[in-house]
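Structural overview
Here is how the chains run, residue by residue.
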Amino acid sequence: MAATLLSHNYFPVFNAPRIVSLNPFEPPNPNRYHYAVTGPRFPKPNQPQLTHSNASKTLIESSNITLMDALRSFIDSGSIENALHVFEEMNHSDTFTWNIMIKGLVQNGLFKEAINYFHRMEFGGARPDKFTYPFLLKACAGLLSLKEGEKVHGKLIKVGLDLDVYICNSLISMYMKAGCVESGENVFEEMSVRDLVSWNAMVSGYQLVGDGLSSLVCLREMVSVGIRPDRFSFISGLGACSIQGCGRNGKEIHCQVIRNGFEMDPRVETSLIDMYGKCGNATYAERVFNMIVDKNIVAWNAMVAGYVSNARFYESFSCVKKMQDVGKLMPDLITMINLLPACAQTGALLMGKSIHASAIRKGFLPHIVLETALVDFYGRCRKLKLAEHVFTRINGKNLASWNAMIAAYVQNGWYSEALELFLDIWYNSVKLDAITFASILPAYAEVTSLSEGRQIHAVVTKLGLSSSNTIISNSIIYLYAKCGDLQTARRCFDGMVCKDVVSWNTIIMAYAIHGFGRISIQLFHKMIENGIKPNKSTFVSLLSACSISGMVDEGWEYFNSMKRDYDIDPGIEHFGCMLDLIGRTGNLDLAKHFIEEMPLVPTARIWGSLLAASRKNNDIELAEVAAKHALSLEHDNTGCYILLSNMYAEAGRWEDVEKIRTLMIRDGIAKTMGCSTVEKDYKVHRFVNQDGSNAQVSMVNDVKNIITKMTAEEEDVYAHRTTKLRRTDLTRKKPNVPENHSVRWGISFGLISTELGSTVLVRKNIRICEDCHNFAKKVSKMCKREIVVGDSKVFHHFQDGNCSCGDYW
DNA sequence: GTAGGGTTAG
């Protein structure tokens, strides 16, 4: 309430009227000061028990208590409204009175008001002194207002107070909090006398701006010049270790803490728990935690966070239970914020929801951090509507909340919504951070064009994020690979200084989806040589490479090596890759057997893989079984319906084709419209299946017809199948004839709009059909051009009549 | 008689 009531600008009102009721619309309330008399630090012996401003006046007048005593009592007890009432009763010529009042405002977080009162003080004739300025600088720091802070600094130079140690320390702290490290360093450098607090201000300042290394260097330097660190130094130093994730430095500081006798300090203990938790050593965090006799909520919360950040989710739950049962403490806002990621990771949707409900009941909402944690939680639990529900209601959204919503969209495949939100904040000149880009880049990889991909790459490079941030660099590699530019993907990979396991997994997958499985295998071995330990995803990339490039023996060898050599249990994704591989060999019995023997429950993706294998080997019965299973798990799997329908069509089973069509209509499943895109001069040209009657594309149509005629002259082994398909489609509408498929439009357009001899790149939203695949092969030979078609799964590199996929996809 | 540096959170 105080913040609202005090938001009037009192400056420059001299001798302001007494604030009897701060709100003119509110009648005097005798209970208003109730909390003042029941506050934890009030009443103290010989201090006034004020219940009403008028009453307080009478009380004060009739007792020996001075107004100054009353003011200080109210300030000490945090009863700022009462303090203001008393202050307005007082003489305003005394600097000391103003100092106390400004101190009270700052202590209560009323920074703007503190600055306003400072101006009132100056204009009222009271002269600010060396005590006033530290309060004022704290207010500037609280507002994170470098501008206000610099103004104060200027004034200090003018009045000659800029050499005072206390004031310099306040200046350092203000500059560091406002993020202006250089100014903080300048003040520190120019001080003729530095004390312990000056050093602490630097150590904590570096830590605050996220420069853990400088903070630790500063701490070391401070010891080397003979200053003995205190609890403040250690708390900041431990915070610096947390940033660096450097447990070794943390342990060193822990030793110093013990040597200096601070191991029983509750805040130092909490910082130790926090440091060990963040440095990946939850066991040491536990050890420190268990030593604490009287654990407060902050220590409990730090321990809960330690468990969560070390993926010990179930221990985080039992820790909260113990906190209630043994510690007799109720979860607070921070406990909830800590627990939500654990709920998301363990799929505990109900627990997360009950935390949400409890937060509402306890009045913790609205709260920006908790709301953001909820958006993140619902996003990870695939409850996107709930995430949106929380997100849209956040008042004063900040970058973290936007990032959470963007990440939620991306994780759930809502790429265009993610891009829309991203562009919205981008155009509104919001300063974005590494997390924003790390979140949005996978969406770019899925839906954008190569030129847009290049643009976003340029943006992150300009911001200095593409070389310094491994997550972003990895996303960029994937982006280029998915946009069809494998060479640039490789260049980015080679240029990375700190490659992690994800970088290697990404580049192995990049070559895999482009059909260069041999290179994927080479890279895998290079990764091992470089001492990088492969993980589950590495084998998804590697087995995909073997499957896409048809390297059957190698695939089995790597699959068997997972547990044997790397102690990795194959997951469902690995079984999926192997099934694709078996499907390729045409051994459908083995494929069936493989599914039966699998130690995991088959997913829709597994059945989809069997369906694809059945189609490739023309086994309608098995295809029906596979489709039935797949559709029971994913009723809206469009590809499944289409694949089966095409098989019926090829077999001339028109009634079954019709049945599927009816089923699809009944369930509201629309066939995905085939669409191909080609880029030219930063513009994306989009083609859909059409019959060529559109005048705008007549030239492309002419080219397409000429090439089609030329390719048709060489009859091929697929002629029989092509004729069958044609008859089906002709019974419906003209654009579905394979000759009119979007990819042929794309290829034709690519051929005439790019430089002679250069590669033609076409991207397609669904899988390429056999006719078009055949067409592209012939065109590549005829025109002596490499044609790359990226469909929804792989990139087909057509060259000299052959395709990198080996005709299996 | 007043002042500076500190613990858990997206």
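Described in the following lines is the structure provided in the data block. For clarity, every value in this text was computed on a predicted model and none was experimentally measured.

The rules behind each value
- Numbering of residues starts from 1 in each chain and follows the order in which that chain's sequence is written.
- Here the convention is simple: chains get letters from A, ligands get numbers from 1, in the order in which they are written.
- With pLDDT at 70 or above as the cut-off, local features in this predicted model cover only qualifying residues; side-chain atom pairs require 80 or more to be listed or tallied, and sums for whole chains, interfaces and linings still use all residues.
- Hydrogen atoms and water are omitted, and side-chain values are computed over all heavy atoms in the structure.
- Working definition: helices are DSSP H or I runs of at least four residues, strands are E runs of at least two. Numbering for both runs from the N terminus.
- Under this definition, polar contacts are N or O atom pairs within 3.5 Å; protein pairs additionally need one hydrogen-donor-capable and one acceptor-capable atom, and for neighbouring residues in sequence, both atoms have to be side-chain atoms.
- Under this scheme, a helix contributes an axis fitted over its contacting stretch, all axes are lines through C-alpha atoms, and angles between N-to-C directions fall in the 0 to 180 degree range.
- The labels follow the angle: roughly parallel below 35 degrees, roughly antiparallel above 145, roughly perpendicular from 65 to 115, and oblique for the rest.
- Here is the rule for handedness: rotate from the far helix to the near one, and if that takes an anticlockwise turn smaller than a right angle the crossing is left-handed, while a clockwise turn gives right-handed.
- Note on definitions: a residue-residue contact is assigned when non-hydrogen atoms from the two residues lie within 4.5 Å.
- Throughout this entry, Asp, Glu, Lys and Arg are counted as charged residues, while Ala, Val, Leu, Ile, Met, Phe, Trp, Tyr, Cys and Pro are counted as nonpolar. The remaining residues, Gly among them, count as polar.
- Note on aromatic pairs: the rings of Phe, Tyr and Trp (six-membered ring only in Trp) are paired at centre separations within 6.5 Å, and the planes decide the class, stacked below 30 degrees, edge-to-face beyond 60, tilted for the rest.
- Summary of the burial criterion: residues with accessible area below 20% of their type's maximum are buried, those above 50% are exposed, and those between are partly exposed, where the area comes from a 1.4 Å probe applied to protein chains only.

A word on unusual backbone geometry. Among all residues except glycine, the phi angle is most often negative; among peptide bonds, the trans geometry is most common. Of note, the bond from Leu365 into Pro366 is cis; its omega dihedral lies within 30 degrees of zero at 0°. Within the element layout of this structure, Pro366 appears in the loop between α21 (349–361) and α22 (368–380). Unusually for a residue other than glycine, Lys328 sits at a positive phi of about 50°. Within the secondary structure, Lys328 sits in the loop between α19 (313–325) and α20 (333–346). A positive phi angle, close to 50°, is found at Asp800, a residue other than glycine. With respect to the helices and strands, Asp800 occurs in the loop between β5 (795–799) and β6 (802–803).

On to the environment of Thr538. With respect to the helices and strands, the residue Thr538 is situated in helix α32 (residues 536–548). Within polar-contact distance, the side chain of Thr538 engages the side chain of Asn505 at 2.7 Å.

Glancing now at the packing of helix α25 (residues 415–427) against helix α26 (residues 434–447). Helix-helix packing: each pair is described by the crossing angle between the helix axes and the interaxial distance. As a packed pair, α25 and α26 sit with axes 9 Å apart at the nearest point and diverge in direction by 130°. With respect to each other, α25 and α26 are oriented oblique. Pair α25 / α26 crosses with left-handed handedness. When α25 is examined against α26, the residues Tyr415, Ala418, Leu419, Phe422, Leu423, Ile425 and Trp426 are found in contact with a partner set consisting of Thr436, Phe437, Ile440, Ala443, Tyr444, Glu446 and Val447. Residues of the contact of α25 with α26, tallied by class, amount to twelve nonpolar, one polar and one charged.

Moving on: the packing of aromatic side chains. Counted according to the given criterion, the structure contains 26 aromatic pairs. Note on Phe524 and Tyr558: the rings are 5.6 Å apart at their centroids and 75° apart in plane angle, and the pair reads as edge-to-face. Residue Phe524 is located in helix α31 (residues 517–529), and its partner Tyr558 is located in helix α33 (residues 552–566); the two are separated by 34 residues in the primary sequence. Relative accessible area serves as the criterion here: at 10%, Tyr558 is assigned to the buried category. An angle of 75° between the planes, with centres 6.3 Å apart, marks the rings of Phe524 and Tyr566 as edge-to-face. Remark: Tyr566 occurs in helix α33 and Phe524 occurs in helix α31; sequence separation between them is 42 residues. By relative accessible area, which is 1% here, Phe524 ends up buried.

Treat this as a map of the structure, not an account of what it does.
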